Amino acid sequence: MKVLLQRKLSLVVLIVQLLVSVALCWVAFYVEFIPVKYVVAVIAVCAVLLLYQFLSQMTKSSYIIGRVLCVFFCLFFLGGGYYMYDTYAAVGEIGGAETKIDIISFYVLKDDKAQSIKDARDYTFGILQVQDRENTDTAMAEARTEAGQELKVEEYTDTATLVDALYAKEVQVAVFNQAFLDSVKEQYSTFEQDTRELVKHEIKTMMEQEDFNTDVTTKPFNVYISGVDVYGDISTTSRSDVNIIATVNPVTKKILLTTTPRDYYVPLYGKNGRSVSGGMRDKLTHAGIYGVDCSVNTLEKLYDIDIDYYVRVNFTSLRKIVDLLGGVEVYSDYDFISDWGPNGAGTHYKFKKGYNKVNGKKALAFTRERHHFGNGDYQRGRNHQHMIEALLNKVMSPSVLKDFSGLLKESKKMFQTSMSTKKIISLCRMQLNDMAQWKISYANAEGTGSKQYTYSMPSTSLYVCIPDMDSVQKISRRIKKVMAETEEDVEKDSSDSSEDSEETGEATATPAAQTEE
């Protein structure tokens, strides 16, 4: 009787471990981002341990140890399976359709008695004549419904003339997208002290996604990286202060990071090459106000290339990403002090020439500083490239695997991307499969400072950067060259790097590009 019971217990132990092992192997296969060689390894380990368990239950001297180990194996397998599935679910949250949020604010002077649209229904509302008119009209329609009557409206060419009209009391309410607020504050430093927000309307738009039928593990592609100048919700429309094109060649393991100055003076374009500014030039940073598509298509026209995907990050994103990674090692070209910090001006962070270990706050200070450099915004652009390189080095290193799922879970809140979940998974699988060391190089568009009128602010002369079209054309050729390279070209890396430096006037990546962290 006792022997029969022991055999039954041994059978239960074997069945439980078999079921848990099958479940683990199924999850490893199902999640897709795990390379085949690792899936095979998981199956092999499960098979060996199952065989051991079978043999242990056949031997009187080891069946008790076998049962104890079965509990350990099952708990370990369940934990591993949960981690893999949790990571897969987190990846699924990153890609796909995104929402764009436009906040249309209704401003009155600070001492105005109105507390609602109904109180202001007999006021004159000032709006922008052309810029962001679709969102403004939507917000005004909602305001009319709230007021219960038609509203008197006056149109203005830009926010400068609109705010002038508010101060002069020609209108009692100024209506514009919060994306214009920073531009307004550059012209009227006390605007937020002089006014208050009567009401705001949040307009959510589902952004169209194009899932190109491209294998991103075998075909080169361009990604537009947009750094928007706001904290908080990444979906909020804002100016794009950072404009980087990452040209990725997964075959040669090369990445070219091209920075275009935020003040580049260019015509704005939307989808299908449609002109947004009617041929009038504007600062590149203002393209972000009209949506990420405007930034993408403007850069496509400038460099005569196709941009396949975009990624949007903001101040909050950078701080969180760096902290989640446990800090990064970023390279600095100079010794300098940054006034940017968690409390704004007055918080000083020091950086030395060479590598600097930074947390989220210090990373933000590193990427925002420009006033302490002789070449101002150009060096800030280079520092953005150094920071992206530091992030890539950390993300592609084995050290990130210990909290990979946690990082992915937070990623949804930290950036927007048009790349599909399937493509993100395929890139993760490729990197996990070969743990390749990527070579990163830089290019910076050049230009000359000037004062010009812009599409977004036609009544005021603003500082802009007149493009050096020779540097633009050289960068265009360089991007196309990286896109066209094959595996056979890797042997020419040394001579290619030399040519690239001469062609763009820029050095190739710092030693971090050749050093695995």
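Refer to the structure presented above.
Residues numbered from 1 in each chain as written. Predicted model: local features only at pLDDT ≥ 70, side-chain atom pairs only at ≥ 80, totals over all residues. Heavy atoms only, no water.

Reading across from one edge, S16-S11-S6-S7-S8-S17 is the order of the six strands in this open sheet, with mixed pairing throughout. Two strands close off the open sheet at either side, each with one partner strand: strand S16 (415-417) and strand S17 (439-444). Averaged over all neighbouring strand pairs, the angle between strand axes comes to 20 degrees, with direction disregarded. As defined by bridge partners, strand S6 (residues 221-228) adjoins strand S7 (residues 240-249) across eight bridges and the pair is classed as antiparallel. Each residue of the ladder has a partner; that of Tyr224, found in S7, is Ile245. The sheet strands contacting helix H12 (residues 377-395) are S6, S7, strand S8 (254-259) and S17, and the helix crosses S17 at an angle near 165 degrees. (Pairing = 2+ DSSP bridges. Helix = DSSP H or I, 4+ residues; strand = E, 2+ residues; numbered from the N terminus. Axes fitted to C-alpha atoms, helices over the stretch in contact; angles between N-to-C directions. Contact = heavy atoms within 4.5 Å.)

One finds Phe33 and Leu257 to be the most contacted residues of the largest nonpolar core, which totals 42 residues. Each residue touching Leu257, except ones within four places of it in the same chain, is listed here: Ile244, Ile245, Ala246, Gln385, Ile388, Ile440, Ser441, Tyr442 and Ala443. Membership of the second largest hydrophobic core comes to 27 residues, among which are Leu128, Tyr156, Val276 and Ile289. (Core = buried A, V, L, I, M, F, W, Y, C linked by side-chain atoms within 4.5 Å. Buried < 20%, exposed > 50% of the residue type's maximum accessible area, 1.4 Å probe, protein only.)

Inspection of every chain in the model, using the stated rule, returns 19 aromatic pairs. Arranged with centres 6.3 Å apart and planes meeting at 70 degrees, the rings of Phe180 and Tyr290 form a pair that is edge-to-face. Of the two residues, Phe180 sits in the loop between strand S4 (173-177) and helix H6 (181-187) while Tyr290 sits in the loop between helix H8 (284-287) and helix H9 (292-303), which places them 110 residues apart along the sequence. Note on Phe180: relative accessible area 2%, which makes it buried. With a centroid separation of 5.9 Å and 40 degrees between ring planes, the pair formed by Phe336 and Phe366 is classed as tilted. Of the two residues, Phe336 sits in strand S13 (residues 336-338) while Phe366 sits in helix H11 (residues 360-368), which places them 30 residues apart along the sequence. Linked through ring pairs, Tyr334, Phe336, Phe351, Phe366 and Phe373 together constitute an aromatic cluster. (Phe/Tyr/Trp six-rings, centres within 6.5 Å; stacked < 30°, edge-to-face > 60°.)

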